[in-house]
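# Inside the fold
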Amino acid sequence: MKIAINESISHVVPNCRLGYLTINNVVVRGTPPALSQEFAQLQAEVAKAYNLEVLTKVPRVLAVRSMYKKLDFDPSRYRPASEALVRRVLQKKDLYYVNSAVDVNNYCSIKYLLPFGLYDLDQITGDVVYMRAHEGSYINIAGKTVSTENKPFLTDGEGVFGNPTSDARRTAVTLATRNLLAVVYADESAGADELQEILDFVAEMLVCYNGGTVTGKYIAHTE
């Protein structure tokens, strides 16, 4: 499986990059205590480093928001997943602990201030294209029907399944998931070397808490 970036994205975000990796034969469990401890420490660091007034002025948050605006994807209405998670921490709201894989995904999203996506690889059909979707809708992880029209999405042979704000229920990672696709929706300021370092960290964390073997590590970029 490979991911390509469609011209509907590259035309307006010429330096768009997606980092992605595949991990096979994982064992997804409930949230391990060690991961909970790491998460608590990260939340404390975030609460100390930022506040709601300055968050949107942080360079990485600004860069992600700029990417959204270029795609006509209002970051105030459809918050990047990373920003939404950090806001919950700063508002002293409890984060949702889901499982040993999804929690690592959210941890990394907060750590790097970038939207991350995590998907059940076995529910993805064929190769993947990152593009602006046509008119239609999908069921998100929360079970709500969401419009796809003109929004950026990962798409496969069965339609849309992921974007930097809200993913589809179809490819959600559960305790039954055995193979993972992890995606980093990088902003234009993230260079290839930085993105490679991020992928290395994500791979290490996912394997640490879920086992399995990294079978692919890639960076998709505009042609």
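Predicted model only: the values in this text are computed from it and were never measured. (Residues numbered from 1 in each chain as written. Predicted model: local features only at pLDDT ≥ 70, side-chain atom pairs only at ≥ 80, totals over all residues. Heavy atoms only, no water.)

This next bit is on unusual backbone geometry. One non-glycine residue with positive phi stands out, namely Lys92, at about 60 degrees. Judged by its relative accessible area of 76%, Lys92 falls in the exposed class. For Asn150, which is not glycine, the phi dihedral falls at a positive 65 degrees. Position of Asn150 among the secondary structure elements: in the loop between strand E6 (145-147) and strand E7 (152-156). (Buried < 20%, exposed > 50% of the residue type's maximum accessible area, 1.4 Å probe, protein only. Helix = DSSP H or I, 4+ residues; strand = E, 2+ residues; numbered from the N terminus.)

Let us now look at the packing of aromatic side chains. Scanning the entire structure with this criterion turns up 9 aromatic pairs. Seen from their ring centres, Tyr130 and Tyr185 are 5.8 Å apart, and the 55 degrees between their planes marks the pair as tilted. Taken together, the residues Tyr130 in strand E4 (residues 128-132) and Tyr185 in strand E9 (residues 180-186) connect sequence positions 55 residues apart. Like Tyr185, Tyr130 is buried. Ring-pair connections join several aromatic residues into one group, and the members of that group are Phe39, Tyr97 and Tyr107. Taking the ring centre of Tyr112 as reference, the NZ or CZ of Lys111 above it sits at 5.6 Å. Here the guanidinium or amino end of Lys111 rests over the ring plane of Phe201, the centre of that ring lying 5.1 Å away. (Phe/Tyr/Trp six-rings, centres within 6.5 Å; stacked < 30°, edge-to-face > 60°. Lys NZ or Arg CZ within 6 Å of the ring centre and 35° of its normal.)

The topology assignment puts Thr222 in the segment after strand E10 (213-221). A polar atom in the side chain of Thr222 sits 2.5 Å from the backbone oxygen of Pro14. (Polar contact = N/O pair within 3.5 Å; in protein donor to acceptor, adjacent residues only side chain to side chain.)

Spatial strand order, E3-E9-E2-E10: 4 strands in an open sheet with antiparallel pairing. The open sheet has two edge strands, strand E3 (116-120) and E10, and neither has a second partner. Shown here is a sheet whose adjacent strand axes are inclined to one another by a mean of 15 degrees, direction ignored. Sheet topology places strand E2 (residues 17-24) next to E10; 8 bridges connect them, and they run antiparallel. Residue pairing for E10: Leu21 is matched across the bridge by Lys217. Of the strands in this sheet, E2, E3, E9 and E10 touch helix H7 (residues 192-210), which is tilted by about 25 degrees from E2. (Pairing = 2+ DSSP bridges. Axes fitted to C-alpha atoms, helices over the stretch in contact; angles between N-to-C directions. Contact = heavy atoms within 4.5 Å.)

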